[in-house]
Amino acid sequence: MTRPILPDEVQTHLKWPLRLTGAGMVLERLWRAFWPLVAIGLTAFAVWSFWTIGPSPIATGLLALGVFAALSALIWGARNFAWPSRAEQLAQLDDSLPGHPIAALMDDQATGRDDMASRNLWQAHLARMAQRLKGVRPVSPDLRVARSDPYALRLIAATGAALAISFTPWLDRLGSPGATGGDAGAPPVASASWEGWIEPPGYTGRPSLYLADQPPGPLAVPQGSRLTLRLYGDLDTLGVTADLSDTPITGPAQQSYLLVITKSGPLDIEGPGAARWQITAIGDTPPTVTTEGELTRRLAGDFSLPFTATDDYAVTRGHAAATLGLDRIDRRHGLATAPEDRPPLVVDLPLPYRGSRTQIDGVLEENLIEHPWAGLPVDLTLKVEDGAEQTGITPPMNIILPARRFLHPVAKALIEQRRDLLWSRDNGRRVGQILRAVLNRPDELNLPEGAYLRLRGAIRRLEAGLAFTDTPSGLPEDLRDEVAAVLWEVAVELDDGRLADALARMQQAQDRLEQAMRDGASEEELAELMDEVREAMRDYLEQLAENQQNAPQSDQPPPENGVEMSMADIEDMMDRIEELMRQGREDEAMQMLDQLRQMMENMQMAQTGPSNQPGQSAREGLQETLRQQQGLSDQAFRDLQEQGQGSQAGESEGNEGRDGGQGRGESHDGQGGQQGQDGQGAGPEQDGTQSGQGNDLAQRQSELQRQLEAQRRNLPGASDEAGQAARDALDDAGRAMGDAADALEQGDLPEALDRQADAMEALREGMRQFDEAMANQQAQRQGEQGSNPGEGRRSSQRDPLGRSPDGNNGATATDSPLEDGEDVYRRAQELMEELRRRSGEGDRPDLERDYLKRLLDQF
């Protein structure tokens, strides 16, 4: 069978593409057959290049293994290699073309040879196939052998050879038999080199030092750093001398050195790359810890102790430990017996999770009121530790471990017996007897429901536990702790109280305050009790006002011995009592507290004018605060204008006249509106001085914040959900005022204006919630007393905004100045037009225009 012959013109087009395709096939088959041989050769080159220990049996064995592997790979490749034939080359090229045109040109017409139309169609087909062969390109060889080398051994060998070429003097070693087992006595020929680095201890946070990058001379490193040296090549040409630890480095050079730097000294490297450093070992200073200020405690037993801990690198941990100060304890009654052994009381010091720990200013805050040592003298020490396990300790502080201060007499007795029982189980029998004596007449103790039964059950369990032991110390520890827990729970329940009556709750709060003053309580505890008295007194006054409103009206005059007081009078007396306590005049404070108690028991609330409505005076105070805040915001805005338009004094003065009042918000109470009309801009409280100074505004803003805090603290209606929401809103307003004061101190007027706007918005929300709380209380009272015929008439008198003429019924979210005057809406429209006009003037400062745009966005 003769091989089909392609047309001449087709063979001309296929000449070079066919040759290049054949060459690619040869390369492809060579690589697939002999890649193991190439990988073995590259591996042998890499091993030879890195071999520095000279002739040895290992080198001879590796050489024999390499030769055997190379011969095996050569034989395997020769058996798998086959030269590509012309037909294979044509098939390779034809497979890369669409429609296989080469195979089509080599075919003969099978049928229809006698048919002219069929022959013409066949010729057209051949012509089209020949046309496809014009511009044909050779086929690229496929050198991928990943299936034959799944572990990429060829790539590993290539990487080793590349490293050898880059980092070894392989050119100098060509022709040297020393590395491959030539002359056994010939020394290895390799250039000498070295590298080294110093690693500081991890707790220092300092980076490692590469010696080749450090200039010779003085070099300071932390004590305890680790020095690592490695020598390469001909070691006879290198020398290392160092005196940095108890074991100095001397004598012949070695391949590697590893030592810990414990003292200062020289480090000298001789030979190629010689260098000398004078190492200075920086000692690690032990950490220090000190207390800052006195230990403060609260009535509930929480205590806080500020401290400062320092270290040259970082404080890693710290704790406070307390041991019982037996020599300072009054060993009487239950404390006369020897105490049980207890481990020291240890609590961790608060350390920051992030940031630097070289200096820590922290506060130890704990509540250990249930610990057996609570209320007893202890020796408190603070201890900190650094990364080198060095410690710093404070001198022992002789303190009384803060305990909860119980004011109820029965609660105090229960807690004392609990202390004795936890002091030693030997006191168990005595504690049971005293508890039985305390509960001898339970009806006279006025115990809460269930408290007596719990105490009797605890006494019986205690006595039963003692009955099964020969000695009191044999009382089971878990039973002792169970009885102590019952005593604690009942004492807390007694001291907290569950009184529902407002008057009894107020009297109890006053009794607790008097008892605390007699016991010499701290200022923090007295402040907490004072807040408790204020809260109970507000509840009592609200209840009293409700009872007076629900009572039928009487034409009889009040009794002659009655006391007529307003809420302002009561607050003045409370402030005076608190001031006397701060001055240490407890006797006078208790005397005034007794007078207040007697007056409130016989008092009749003043019912004159609008103050008869509960919470009316509080709301008027909030309205005044809102007006003052608006005035401060206006003044800050004028100062912003003056900063940006120093050259436009005339316009600035005109703007000041239009913006209205100064400082305390006269521009929003009717007077300011008149000032805006005539352009004077001077209020009745103006002293003629320029109040646009940042420090003056900041001081006034801070004073306004303190005034709001006092109003929030004395706000009635806290028991209602809306009342609590009002307090939260006023708290947000206070924070915004504080931020505004900080911004004014820093001269950041735009930020101050934003925060002042937030404060006014929170104030309005607080007033709305407060009005809702007062309305809820009034609706509740009216529901309890029945339908009032006149209520419908009063409700119908509200204006379209839901406000009553006297301002007492209905909730309003706006401040009262908007209700004054007949042209309120016209003035509001004028203000909006003025804001739009100023925001569109391009010559105004960017800060002022941004502020105006924010105002327009809000409204």
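Residues numbered from 1 in each chain as written. Predicted model: local features only at pLDDT ≥ 70, side-chain atom pairs only at ≥ 80, totals over all residues. Heavy atoms only, no water.

So, about the overall build of the protein chain. Scanning the protein chain from N- to C-terminus turns up 23 helices and 19 strands. The 859 residues of the protein chain split such that 41% are buried. Total accessible area on the protein chain stands at roughly 46900 Å², and carbon and sulfur atoms take up 51% of it. (Helix = DSSP H or I, 4+ residues; strand = E, 2+ residues; numbered from the N terminus. Buried < 20%, exposed > 50% of the residue type's maximum accessible area, 1.4 Å probe, protein only. Areas by Shrake-Rupley, 256 points an atom, 1.4 Å probe, with all protein chains shown as cover.)

Let us now look at unusual backbone geometry. Unusually for a residue other than glycine, histidine 100 sits at a positive phi of about 50°. Tracing the sequence through the fold places histidine 100 in the loop between α3 (86–95) and α4 (101–105). By relative accessible area, histidine 100 is classed as partly exposed at 37%. Of note, the phi angle at alanine 152 is positive, near 55°, even though the residue is not glycine. In this structure, alanine 152 sits in the loop between α5 (116–132) and α6 (153–167). By relative accessible area, which is 22% here, alanine 152 ends up partly exposed.

This part takes up the sheet that holds strand β6 (residues 256–260). Judged by pairing direction, the sheet is antiparallel, and its 4 strands sit side by side in the order β2-β1-β4-β6 without closing on themselves. Both outer strands of the open sheet, β2 (209–210) and β6, are each paired with one neighbouring strand and no more. In terms of strand pairing, strand β1 (residues 193–199) meets β2 through 2 bridges, oriented antiparallel. Counted as the bridge partner of tryptophan 197 is tyrosine 210 from β2. (Pairing = 2+ DSSP bridges.)

Looking now at the sheet that holds strand β8 (residues 275–282). Read from one edge of the open sheet, 4 strands run β3-β8-β7-β5, paired in mixed fashion. Here the strands that pair on one side only, and so sit at the sheet edges, are β3 (217–222) and β5 (239–242). Averaged over neighbouring strand pairs, the angle between their axes works out to 20° when direction is ignored. Bridge analysis of β3 against β8 gives 6 bridges, and the strand direction is parallel. (Axes fitted to C-alpha atoms, helices over the stretch in contact; angles between N-to-C directions.)

Tallied over the entire structure, the rule returns 31 salt bridges. The salt bridge involving arginine 461 is made with glutamate 482; its shortest N-O contact spans 3.2 Å. Of this pair, arginine 461 sits in helix α9 (residues 451–467) while glutamate 482 sits in helix α10 (residues 477–496); the two residues are 21 residues apart in sequence, bridging distant segments of the chain. For arginine 461, a relative accessible area of 32% translates into the label partly exposed. Looking at glutamate 482, the relative accessible area reads 39%, which means it is partly exposed. (Salt bridge = Lys/Arg side-chain N within 4 Å of Asp/Glu carboxyl O.)

To continue, consider the packing of helix α8 (residues 428–438) against α9. Two elements in contact, α8 and α9, have axes whose closest approach is 10 Å; the angle formed by their N-to-C orientations is 150°. In terms of their interaxial angle, α8 and α9 are classed as roughly antiparallel. Helix-helix and strand crossings are classified by hand; for α8 and α9 the assignment is left-handed. Together, Gly428, Arg429, Val431, Gly432, Leu435 and Arg436 of α8 and Arg456, Ile459, Arg460, Leu462, Glu463 and Leu466 of α9 make up the contact between the two elements. Classifying every residue of the contact of α8 with α9 gives 5 nonpolar, 2 polar and 5 charged. (Parallel < 35°, antiparallel > 145°, perpendicular 65-115°, else oblique. Left-handed = near helix turned anticlockwise from the far one by under 90°. Contact = heavy atoms within 4.5 Å. Nonpolar A, V, L, I, M, F, W, Y, C, P; charged D, E, K, R; others polar.)

Quick look at the side chain of threonine 204 now. Tracing the sequence through the fold places threonine 204 in the loop between β1 and β2. On the accessibility criterion, threonine 204 (11% relative accessible area) is buried. Not counting chain neighbours up to four residues away, the residues in contact with threonine 204 comprise Pro222 and Tyr313.

Below, the discussion takes up α9. In a regular helix each residue adds 1.5 Å, so 17 residues correspond to 24 Å; α9 covers 24 Å between its end C-alpha atoms and thus fits that length. By the burial criterion, the buried members of α9 are Ala451, Leu455, Ala458, Ile459, Leu462, Gly465 and Leu466. Along the axis of α9, the buried residues cluster in a sector spanning 130°; they form a single face. Opposite the buried face of α9, at more than 90 degrees from it, the exposed residues are Leu453, Arg460 and Ala467. (Expected span 1.5 Å × (residues − 1). Arc of directions from axis to C-beta.)

Here we take up the environment of alanine 726. Here alanine 726 lies in helix α19 (residues 721–745). If sequence neighbours within four positions are ignored, alanine 726 has contacts with Leu715, Gly766, Gln769 and Phe770.

Where a protein is soluble and globular, its nonpolar side chains tend to be buried together. In terms of nonpolar packing, the biggest core is built from 33 residues, with Leu622, Leu708, Leu715 and Leu763 touching the most fellow members. Contributions of two or more residues to this core are made by α15 (616–644), α18 (694–713), α19, α20 (749–785) and α23 (846–858). Setting aside residues no more than four positions away along its own chain, leucine 622 makes contact with Leu708, Gln711, Leu715, Leu730, Leu763 and Met767. (Core = buried A, V, L, I, M, F, W, Y, C linked by side-chain atoms within 4.5 Å.)

Attention shifts here to the confidence of the model for the protein chain. Looking at the protein chain, the pLDDT average stands at 76 and 77% of residues meet or exceed 70. The spread of mean pLDDT over the elements of the protein chain runs between helix α17 (residues 671–678), the lowest at 36, and strand β16 (residues 391–393), the highest at 93. Counted against residues more than four places away or in other chains, residues 550–563, with its pLDDT under 50, gives 9 contacts. Segment residues 604–612 is flagged for pLDDT under 50; beyond a separation of four residues in sequence, or across chains, it makes 17 contacts in the model. (pLDDT = per-residue confidence, 0-100.)

Turning our eyes to something else, we now look at the packing of α9 against α10. Viewed as axis vectors pointing N to C, α9 and α10 meet at an angle of 160°, and their least axial separation amounts to 10 Å. On the basis of their axis angle, the class for α9 and α10 is roughly antiparallel. When you trace α9 past α10, the crossing you get is left-handed. Residue-level inspection shows Ala451, Arg454, Leu455, Ala458, Arg461, Leu462 and Gly465 of α9 in contact with α10, the latter providing Leu479, Glu482, Val483, Val486, Leu487, Glu489, Val490 and Glu493. Class assignment of the residues belonging to the contact of α9 with α10 gives a composition of 9 nonpolar, 1 polar and 5 charged.

Right, let's get into the environment of phenylalanine 307. Within the element layout of this structure, phenylalanine 307 appears in strand β11 (residues 303–310). Taking the C-alpha atoms as reference, phenylalanine 307 lies 5.6 Å from glycine 362; in sequence the two are 55 residues apart. Ignoring sequence-local partners within four residues, the contact set of phenylalanine 307 consists of Val289, Thr290, Thr291, Glu292, Leu349, Pro350, Ile360, Asp361, Gly362, Val363, Leu364 and Leu382.

Of the two faces of β8, the one lined by Ala275, Trp277, Ile279 and Ala281 is fully buried and the one lined by Arg276, Gln278, Thr280 and Ile282 carries no buried residue. In the sheet, strand β7 (residues 265–270) pairs with β8 via 5 bridges, with the strands oriented antiparallel. Paired with aspartate 268 across the strands is arginine 276, a residue of β8.

Under the criterion given, the structure shown has 5 aromatic pairs. When the centroid spacing of 6.0 Å and the interplanar angle of 75° are considered together, the rings of tyrosine 203 and tyrosine 313 count as edge-to-face. On the criterion of sequence distance, the pair formed by tyrosine 203 in the loop between β1 and β2 and tyrosine 313 in the loop between β11 and β12 (315–324) is long-range, its members being 110 residues apart. We classify tyrosine 203 as partly exposed; its relative accessible area is 25%. Ring centres of phenylalanine 406 and tryptophan 488 lie 5.6 Å apart, and the angle between their planes is 85°; this geometry places the pair in the edge-to-face category. One end of the pair, phenylalanine 406, is in the loop between β17 (397–400) and α7 (409–423); the other, tryptophan 488, is in helix α10, and 82 residues separate them in sequence. Grouping residues by exposure puts phenylalanine 406 and tryptophan 488 together as buried. (Phe/Tyr/Trp six-rings, centres within 6.5 Å; stacked < 30°, edge-to-face > 60°.)

This paragraph deals with α5. Between its first and last C-alpha atoms α5 spans 25 Å; for 17 residues at 1.5 Å apiece the expected length is 24 Å, and the two agree. Along α5, the residues classified as buried are Leu126, Met129 and Ala130. Each buried residue of α5 lies within a common arc of 100° when the element is viewed along its axis, so the set occupies one face. Opposite the packed face of α5, turned more than 90 degrees from it, sit the exposed residues Ala117 and Leu121.

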